[in-house]
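Residues per chain are reported as follows:
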Amino acid sequence: MSAKERKKRSAETAVKEEKQIAVKLIPVYIMGKRYEVPEGLTIMKAMEYAGYKFIRGCGCRGGTCGACGTVYRKPGDYKLQVALACQKTVEPDMYIAQIPFFPANRARYEFAELTSAPEEVFKLYPELFRCVACNACTKACPQGIEVMDAISALKQGNIAEAARLSFDCIQCGLCTSRCFGELAQYHIFQLARRIYGARIIPRAEHLAEMVGTINEGRYDQILDELKQVKEDELKKLYQEREAEPLAAGEDWKPKDTRYL
Amino acid sequence: MSLAYYPGCTLKTKARNLEEPAVASMEVLGFKLDEVPRWNCCGAVYSLAEDDLIHQVAPVRNLIRAKEQGNDELVTLCAFCFNTLKRANLLMKEDAEKRNTLNSFMSEEVDYSGEVKVVHLLEVLRDDIGWEALAQKVKLPLRGLKAAPYYGCTLLRPREIAIDSIENPTILAEFLKALGASPVDFPESTRCCGSYQVISSPDDISEYARPILNSALKHGAEALVLTCPLCDYNLAWGQKELMKKQSGFTGIPLFYFTQLLAIALGLGPQVCHFELNYGSPESLLRERNLLS
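The numbers attached to residues start from 1 for each chain and follow its sequence in the written order. For this description, chains carry letters from A and ligands carry numbers from 1, given in the order in which they are written. With pLDDT at 70 or above as the cut-off, local features in this predicted model cover only qualifying residues; side-chain atom pairs require 80 or more to be listed or tallied, and sums for whole chains, interfaces and linings still use all residues.

Peer 1: Give me unusual backbone geometry: which residues, what numbers.
Peer 2: Most of the time, phi is negative for any residue but glycine, and the peptide bond is trans. A cis amide bond links Arg157(B) to the next residue, Pro158(B), at an omega of -5°. Think of it this way: any DSSP run of H or I at least four residues long counts as a helix, any run of E at least two long counts as a strand, and we number them from the N terminus. Residue position: Pro158(B) is located in the loop between strand E5 (146–149) and helix H8 (171–178). Positive phi, normally seen in glycine, also occurs at Met31(A), with a value near 50°. Inspection of the secondary structure assignment puts Met31(A) in the loop between strand E1 (25–30) and strand E2 (33–38). The residue Arg38(B) is not glycine, and still its phi comes out positive at about 55°. With respect to the helices and strands, the residue Arg38(B) is situated in the loop between strand E2 (32–35) and helix H3 (57–68). Burial is judged by counting other C-beta atoms within 10 Å of a residue's own C-beta: 20 or more means buried, 12 or fewer means exposed, and anything between counts as partly exposed, with every C-beta placed from the backbone. Judged by local crowding, Arg38(B) falls into the partly exposed class, with 15 C-beta atoms found within 10 Å.

Peer 1: Now, about the nonpolar core: what can you tell me, with residues and values included?
Peer 2: One finds Ala192(A), Leu224(B), Val225(B) and Leu260(B) to be the most contacted residues of the largest nonpolar core, which totals 150 residues. Discounting chain neighbours no more than four positions away, the residues touching Val225(B) are Ala147(B), Ala148(B), Pro149(B), Tyr150(B), Leu172(B), Leu176(B), Phe255(B), Phe257(B) and Leu260(B). Put simply, a nonpolar core is buried Ala, Val, Leu, Ile, Met, Phe, Trp, Tyr and Cys residues tied into one set by C-beta atoms within 7 Å. Throughout, a pair of residues is in contact if the C-beta atoms placed from their backbones lie within 7 Å.

Peer 1: Before we move on, could you go through the packing of helix H5 (residues 147–155) of chain A against helix H8 (residues 185–200) of chain A and cite the residues and values that matter?
Peer 2: Residue and element names in this part refer to chain A. The angle between two axes is taken between their N-to-C directions and runs from 0 to 180 degrees, where each axis is a line fitted to C-alpha atoms and a helix contributes only its stretch in contact. Their axes nearest at 11 Å, the elements H5 and H8 cross at an angle of 55°. The orientation of H5 with respect to H8, classified from their angle, is oblique. Crossing of H5 over H8 shows left-handed handedness. Contacts from Val147, Ala150, Ile151 and Leu154 of H5 reach H8 at Gln185, Ile188, Phe189 and Ala192. Its residues assigned to classes, the contact of H5 with H8 comprises seven nonpolar, one polar and no charged. Each angle receives one of four descriptions, namely roughly parallel if under 35 degrees, roughly antiparallel if over 145, roughly perpendicular if within 65 to 115, and oblique otherwise. Handedness of a helix crossing follows the sense of rotation of the near helix relative to the far helix, less than a right angle counterclockwise being left-handed and clockwise being right-handed. Only Asp, Glu, Lys and Arg are considered charged in this grouping, and only Ala, Val, Leu, Ile, Met, Phe, Trp, Tyr, Cys and Pro are considered nonpolar; every other residue, Gly among them, is considered polar.

Peer 1: Got a sec to walk through the interface of chain B and chain A? Specific residues and values, please.
Peer 2: Tallying the contact residues gives 12 residues for chain B and 14 residues for chain A. Mapped by element, the contributors of at least two residues to the side of chain B that touches chain A are helix H1 (9–12) and H3 of chain B. Per element, the largest residue contribution to the side of chain B that touches chain A is three residues, and it comes from H3(B). When its residues are assigned to classes, the side of chain B that touches chain A shows five nonpolar, three polar and four charged.

Peer 1: Before we move on, can you summarise the environment of Ala97(A) with the specific residues and values?
Peer 2: All names here are of chain A. Examined against the element boundaries, Ala97 turns out to sit in strand E5 (residues 95–98). For the pair Ala97 and Gly217, spaced 120 residues apart in sequence, the C-alpha separation works out to 57 Å. Filtering out sequence-adjacent residues up to four positions away, Ala97 remains in contact with Met31 and Val71.

Peer 1: Mind laying out the sheet that holds E2(B), listing which residues take part and the relevant values?
Peer 2: Residues and elements named next belong to chain B. Note: two strands are recorded as paired if DSSP finds a minimum of 2 bridges between them. The strand order E2-E1-E3-E4 describes an open sheet built from four strands, whose pairing is parallel. The open sheet has two edge strands with one neighbour each: E2 and strand E4 (117–120). Pairs of neighbouring strands in the sheet enclose a mean axial angle of 45°, with direction left out of account. Each of strand E1 (2–6), strand E3 (73–76) and E4 touches helix H6 (residues 121–129); the most contacted strand, E4, lies at about 90° to it.

Following this line, the structure appears as structure tokens:
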């Protein structure tokens, strides 16, 4: 088959396939205006299909950056639903609006000066105590975090529990957009996780020891030697290195134990 | 025996000296205070506005947490939490319209209609254990300790939720007697400490504390026995102010009733967190050889 024929043939197949996959269009309402968009698209793709171009409110497109917080409602249901636009696929007759940013209060602090006392959080975010336990925050969380429970934990002075409960927070701010007491839950949790990470969680002693060993220069010589090696030799060294077997037990040791 | 227990936020921060001796003491008495999971703020103060239902959501949610675990009774320790929870419970039991509104607002929770009985730890001591049985467990009787029971308001008001007589309560005095102490009766034992009013008028704090503290001292009290973290805060702060304003005012140590319980049961000061108390109540106990 000549190159020309091959090209022609593949073009024909493509047309055929396109015909086979009949794209169903469904109606959605983006900021109140009706569009017909292909079924199966995410809200974000559907908006782009409808002509929107994101210069903000769009980040990782993988459900982890929290930039594309979205609220929507389905006809016949009074309940507001939440989603990340990059994750949720469109459904017929969805009313969609994005909340890419929320002007929430974010306290300024010099972290080095903060202790692990709960009063640090109380002072920076006194509005914590405006919570009435209405639970709207929890219902608005696309990550399924028990937001209200984490706020309760902080009021009880339990920073560690708040850090644990809010671990999956992606800072989208939807909780705050729904808060009756005007708390900025996601900023408060970030402070809690910072305090937890730096002041509460036990330090790994073996890590500090290892860093000390490295700083003392134990590995300087072999690293310097490696830097002198030519590329081919380096590749060979890498390929022939002794790797830990997948099923190695805890007592596994390499043959060369000089640098353990 | 395990008791469903609601601690309250302040007991986990500023008033650990109220909670920790209680938990330890109850264990000695054969009861485990078992915290209800996922509890939130009690509401802090019971809202008196007829149509202000949003502030009933917090206490009712806690009652639902207790119900979910299959409890028919919930033990409280903070006098303010007791008050908000018991009154919210009463509302859910008696007001069908508000009950429906609250239940439908909390559509993610099971419906609630006041099934859980809210009690205060003093009631458990009186009704489930009994003063005589308590007295038998005392290892270090507080002999000679002239302690004035200060009830404050929230355990006794309003009448529908009171744990004892509004005008002449005796529950704390009987408790102190069971521990071997000499309760000092004084007319201001149910007078208000100033409650949250001191936030808007902080200059009046000593005026709220003055009649209470002076009356207790005049009647020969060596210490005041409290049940409420807010009373503790106001009487401690008020005392500091009085020291400056009233010549000859000597001050009076403040104890939580649970601290005296722990001491009398022989648990020692370790569980009492006296470092969180105003002044140094330990020195009084030391004088009486009550610190093991």
